[in-house]
Amino acid sequence: MTDDFLNNFRSIDPFTNASAQSALNIGNGEKMDQHSSNVVHIRIQQRNRGKSVTTIQGIDEKFDKNKLLQEFARKFACGGNIVKHKEYGEVIQLQGDKRNGVNQFLIDNKMYSDGQIKVHGF
């Protein structure tokens with residue numbers, strides 16, 4: 001069997017884009033793991049009956065995710081949860097579409113720069 005045939009069965013992250021892949025290359029030729037990079041992904045997931053969930057993935061370990069969740073819930077008047085994912089680590093979930101608010105919060109508090117945050121969704 002050829003490598004091309006086996007590539008069809010490998011998992012592909014639909015949220016990865018070409019610029020994110022090139023950003024994972026280090027100058028010395030090594031390649032970083034995508035999940036250990038310093039990029040925060042903010043996504044929206046549609047639920048039933050018009051409900052949606054905002055997920056925040058890639059928050060650095062130096063930040064307390066429980067305190068961030070409390071601040072998000074208070075600031076955006078929504079419920080939230082922290083889910084432990086085996087591949088992505090701890091992911092913060094917020095009720096409703098809070099992508100723009102979370103993005104602005106992370107930039108205003110100087111936790112991340114605009115280039116380190118990727119907002120996904122429609």
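Let me sum up the structure you'll find in this document. Because the structure is predicted, anything quoted here is derived from the model rather than measured.

Once that is clear, we can look at the pairing of strand β1 (residues 40–46). Most of β1 is tucked away: five of the seven residues are buried. By the bridge criterion, three bridges tie β1 to strand β5 (residues 117–119) in an arrangement that is parallel. Across the sheet, the residue bridging to H41 is K118, located in β5. By the bridge criterion, six bridges tie β1 to strand β2 (residues 52–57) in an arrangement that is antiparallel. Bridge assignment links H41 to a residue of β2, and that residue is Q57. Adjacent in sequence and paired antiparallel, β1 and β2 are bridged by five residues, among which R49 carries a positive phi angle near 55°.

Ordered in space as β3-β4-β2-β1-β5, the five strands form an open sheet in which the pairing is mixed. Edge positions in the sheet fall to β3 (80–85) and β5, since each has one partner strand and no second. Neighbour-to-neighbour, the strand axes of this sheet turn through a mean angle of 25°, independent of strand direction. Across four bridges, β2 lies against strand β4 (residues 89–95) in antiparallel orientation. Each bridged residue has a counterpart across the sheet, and for I56 the counterpart in β4 is I92.

Thresholds, definitions, all that
- Residues numbered from 1 in each chain as written.
- Predicted model: local features only at pLDDT ≥ 70, side-chain atom pairs only at ≥ 80, totals over all residues.
- Heavy atoms only, no water.
- Buried < 20%, exposed > 50% of the residue type's maximum accessible area, 1.4 Å probe, protein only.
- Helix = DSSP H or I, 4+ residues; strand = E, 2+ residues; numbered from the N terminus.
- Pairing = 2+ DSSP bridges.
- Axes fitted to C-alpha atoms, helices over the stretch in contact; angles between N-to-C directions.

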